[in-house]
Amino acid sequence: MNKELEHNFVKLLEQHQNIVHKVCRLYTNNQDAHNDLFQEITIQLWKAYPKFRGDAKFSTWMYRVGLNTAITLYRKSKRSINTQNFEGVEFKIKAEVYDDTEEQQLKILYKAVHQLNDIEKALVFLYLEDKDYREISETLGISEVNARVKMNRIKTKLRTILNP
Amino acid sequence: MDELDLLKKDWNKDDSTYPKLSYNEIYKMILKKSSSIVKWIFIISLLEFGFWLALSFLLKGTAYSSKMESLNMNHILIPITVISYAVLIYFFYLFYKNYRNISATDSSKKLMENIIKTRKTVKYYVIFNLASLVVGACIGAFYGFSHNPEFSDKLQLASANGEVFKFYALLFIVTIIILAIVIGVLLLFYWLIYGILLKRLNQNYKELKKLEV
């Protein structure tokens, strides 16, 4: 492959790597799985890069490929499934000793988000990244109205987890 | 403030908590091979096309096929062979076209649909092959028996004993059992491979579809 293309791509990804780390953070539960997913997203980004046109923002384009890899293309290894069960147990213990400090709330929120399904996580992720409903709906391929409705349901779901 | 906004505040607060990969580390990553489900689907699909192709070649060299030839069935066999290759090429073309359409830059829903479409092409090809296997076995059995002196002797013996119905029933049952076993094994194989490989995709696709109801 073209050396210059390679160089440009690696430079861009180095700059914007946090987006990929954030996707990995939501969809994996341990360091090994995180690295594994990061690797696969990088490959998918690189494969798609020759078709990347400058008129879209590199970061915007990364959200799509990153989420698609996490939701659809990536094959979860057994390792991460085991940890997920463990995570669930841990969450229950934490919820019992729940206290009102913001930090504690955040901890529980992160765990709660981890328990959402893949699609819900994608919605939350784009929301946290400050994307509007138009972009969320385009990324996932659903209508804007449905994205809003789903988002409200997720909020309710999180609220019930946080205030049982 | 709602819960997600609390999370959002924290989410964008500190970017330094993430690992920082160097240029070289990222460069090494792009040289590695993908292990995505699309790659697996591609490999398995090629194996499936290969399997049916190999099967047709294998059948040609067997005693069964030389028996067929001695029955003078070329006027049937040649068109069937031509048709089966044409169908293979057609399906392979469709499969490759659909495979090329899979792009990680599409929306999630479109991406899933394209993967499912690619899978379906191969599935239809296999169904076509299974159907022709069944039809072929039936025609072959009928043709073979009606032209085979050994068979007519047995049939005469059976009718002399008044057991014509029993004879045909037995023949029918044996044929059905053999076909059922062959198809059963193939379906089990299918269910295992694609059940595991596409479980997550199907789940997520269902979830997306559910949002639209």
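Residues numbered from 1 in each chain as written. Chains lettered and ligands numbered in written order. Predicted model: local features only at pLDDT ≥ 70, side-chain atom pairs only at ≥ 80, totals over all residues. Heavy atoms only, no water.

Chemist: Explanation requested: the overall build of chain B in the structure shown.
Modeler: Per the secondary structure count, chain B includes 8 helices and 0 strands. For chain B, the N- to C-terminal ordering of α and β elements is α-α-α-α-α-α-α-α. The C-alpha radius of gyration computed for chain B amounts to 27 Å, which surpasses the reference 17 Å derived for 213 residues by more than 25%, pointing to a less compact arrangement than a globule. Per-residue burial over chain B gives 32% buried out of 213 residues. Once local pairs closer than 6 in sequence are excluded, the contacts in chain B between residues at least 24 apart make up 76%. Considering chain B, the positive charge centre built from 25 side chains and the negative charge centre built from 16 side chains are found 5 Å apart. (Helix = DSSP H or I, 4+ residues; strand = E, 2+ residues; numbered from the N terminus. Rg over C-alpha atoms; globule rule 2.2 N^0.38 Å. Buried < 20%, exposed > 50% of the residue type's maximum accessible area, 1.4 Å probe, protein only. Contact = heavy atoms within 4.5 Å. Lys, Arg positive; Asp, Glu negative; His and termini not counted. Charge placed at Lys NZ, Arg CZ, Asp CG, Glu CD.)

Chemist: It is not clear to me how the overall build of chain A should be interpreted in this structure. Could you clarify?
Modeler: For chain A, the count of helices and strands is 8 helices and 0 strands. Ordering the α and β elements of chain A from the N terminus gives α-α-α-α-α-α-α-α. Burial status across chain A gives 54% buried among its 164 residues. Within chain A, contacts between residues at least 6 apart in sequence are counted, and of these 67% link residues at least 24 apart. Of the accessible surface of chain A, which amounts to about 7800 Å², a share of 50% is contributed by carbon and sulfur atoms. (Areas by Shrake-Rupley, 256 points an atom, 1.4 Å probe, with all protein chains shown as cover.)

Chemist: Mind showing me how you'd approach the packing of helix α1 (residues 3-27) of chain A against helix α2 (residues 31-48) of chain A here?
Modeler: Geometry of a packed helix pair, given as the angle between the helix axes and the separation of the axes. Residue and element names in this part refer to chain A. Where α1 contacts α2, the axes come no closer than 9 Å and their chain directions differ by 140°. Taken together, the axes of α1 and α2 lie oblique to each other. Crossing of α1 against α2: the hand is right-handed. Between α1, through Leu5, Glu6, Phe9, Leu13, Gln17, Val20, His21, Val23, Cys24, Arg25 and Tyr27, and α2, the contact on the second element is made entirely by His34, Leu37, Phe38, Ile41, Thr42, Leu45 and Trp46. Looking at side-chain class alone, the contact of α1 with α2 contains 12 nonpolar, 4 polar and 2 charged residues. (Axes fitted to C-alpha atoms, helices over the stretch in contact; angles between N-to-C directions. Parallel < 35°, antiparallel > 145°, perpendicular 65-115°, else oblique. Left-handed = near helix turned anticlockwise from the far one by under 90°. Nonpolar A, V, L, I, M, F, W, Y, C, P; charged D, E, K, R; others polar.)

Chemist: Is there a simple way to explain the interface of chain A and chain B in this structure?
Modeler: Note on interface size: it is often stated as the accessible area lost on association of the parts. Contact with chain A, which involves 63 residues of that partner, is made by 47 residues of chain B. Between chain A and chain B lies a buried interface of about 5400 Å² when both sides are counted; carbon and sulfur atoms form 60% of it. A salt bridge links A:Asp130 to B:Lys8; the nearest nitrogen and oxygen atoms lie 3.0 Å apart. Scanning the region where chain A abuts chain B turns up 30 residue pairs in polar contact (both at pLDDT 80 or more). When residues of the side of chain A that touches chain B are traced back to their parent elements, those giving at least two are α1, α2, α3 (58-73), α5 (102-114), α6 (118-128), α7 (133-140) and α8 (144-162) of chain A. (Buried area = accessible area lost by both parts, 1.4 Å probe. Salt bridge = Lys/Arg side-chain N within 4 Å of Asp/Glu carboxyl O. Polar contact = N/O pair within 3.5 Å; in protein donor to acceptor, adjacent residues only side chain to side chain.)

Chemist: In this structure, what is going on with α5(A)? I would like to understand it.
Modeler: In an α-helix there are 3.6 residues to a turn, and that puts residues three or four apart on one side. All names here are of chain A. In this model, α5 (13 residues) spans 18 Å end to end at C-alpha, consistent with the 18 Å of a helix rising 1.5 Å per residue. Most of α5 sits out of view: 10 of its 13 residues are buried. For α5, every residue scored as buried is listed here: Gln104, Gln105, Leu106, Ile108, Leu109, Tyr110, Lys111, Ala112, Val113 and His114. (Expected span 1.5 Å × (residues − 1).)

Chemist: How should I be thinking about the UniProt feature "transmembrane region" (unreviewed entry) in chain B in this particular structure?
Modeler: Residues given the UniProt feature "transmembrane region" (unreviewed entry) here are residues 37-55, 75-96, 124-145 and 165-193 of chain B. Structurally, residues 75-96 of chain B is divided into 100% helix and 0% strand, and its ends, taken at the C-alpha atoms, are 33 Å apart. (UniProt positions renumbered as here; feature names shortened; annotations may be inferred.)

Chemist: I keep staring at the UniProt feature "domain: RNA polymerase sigma factor 70 region 4 type" (unreviewed entry) in chain A and nothing clicks. Help me out?
Modeler: As annotated by UniProt and renumbered to match this structure, "domain: RNA polymerase sigma factor 70 region 4 type" (unreviewed entry) occupies residues 108-158 of chain A. Across residues 108-158 of chain A one finds 80% helix and 0% strand; the C-alpha atoms that close the span lie 10 Å apart.

Chemist: Can you walk me through unusual backbone geometry in this structure?
Modeler: For residues other than glycine, phi is negative in most cases, and the peptide bonds are mostly trans. Despite not being glycine, A:Asp130 shows a phi value in the positive range, around 70°. Judged by its relative accessible area of 56%, A:Asp130 is exposed.

Chemist: For this particular structure, what's the right way to read α6(A)?
Modeler: For α6(A), a buried count of 11 out of 11 residues is recorded, marking the element as mostly surrounded by other parts of the structure. Turning to α6(A), its buried residues are A:Asp118, A:Ile119, A:Glu120, A:Lys121, A:Ala122, A:Leu123, A:Val124, A:Phe125, A:Leu126, A:Tyr127 and A:Leu128.

Chemist: Sorry, what's going on with the nonpolar core here?
Modeler: Within the largest apolar cluster, 89 residues are counted, with the highest numbers of intra-cluster contacts made by A:Phe9, A:Tyr27, A:Leu45, A:Trp61 and B:Ile115. Here B:Ile115 is in contact with A:Thr72, A:Leu73, B:Ile37, B:Val38, B:Ile41, B:Ile102 and B:Leu201, once residues within four sequence places are set aside. (Core = buried A, V, L, I, M, F, W, Y, C linked by side-chain atoms within 4.5 Å.)

Chemist: When you look at a nonpolar patch on the surface in this model, what are you seeing that I'm missing?
Modeler: Side chains of B:Phe172, B:Ile173, B:Ile176, B:Ile177, B:Ile181 and B:Val185 sit close together on the surface and give an oily, nonpolar patch of about 600 Å² of accessible area. Within the fold, B:Ile176 resides in helix α8 (residues 164-210). (Patch = residues over 30% accessible without salt bridge, like charges linked within 9 Å, V, L, I, M, F, W, Y side chains within 5 Å.)

Chemist: Explanation requested: the confidence of the model for chain B in the structure shown.
Modeler: Detailed conclusions should not be drawn from predicted coordinates in areas where pLDDT is low. Of the residues in chain B, 92% have a pLDDT of 70 or more, and the chain-wide mean is 84. Averaged pLDDT values over the elements of chain B bottom out at 64 in helix α4 (residues 63-70) of chain B and peak at 93 in helix α2 (residues 23-30) of chain B. (pLDDT = per-residue confidence, 0-100.)

Chemist: Whenever I open this one, the pattern of salt bridges confuses me. Can you help?
Modeler: Between side chains of opposite charge, a pair can form when the charged atoms approach closely. Residues and elements named next belong to chain A. Tallied over the full model, the rule gives 14 salt bridges over all chains. For glutamate 120, the salt bridge identified is with lysine 157, shortest N-O distance 3.3 Å. Within this pair, whereas glutamate 120 is found in helix α6, its partner lysine 157 is found in helix α8, the two being separated by 37 residues in sequence. You can call lysine 157 partly exposed: its relative accessible area is 36%.

Chemist: Help me out: how do you make sense of the packing of α3(A) against α6(A) in this one?
Modeler: Residue and element names in this part refer to chain A. In the contact formed by α3 and α6, the axes pass within 10 Å of each other and the chain directions differ by 160°. Comparing their axes, α6 and α3 come out roughly antiparallel. The hand of the α3/α6 crossing is right-handed. Here α3 contributes Tyr63, Leu67 and Ile71 to the contact with α6, which in turn contributes Asp118, Ile119, Ala122, Phe125 and Leu126.

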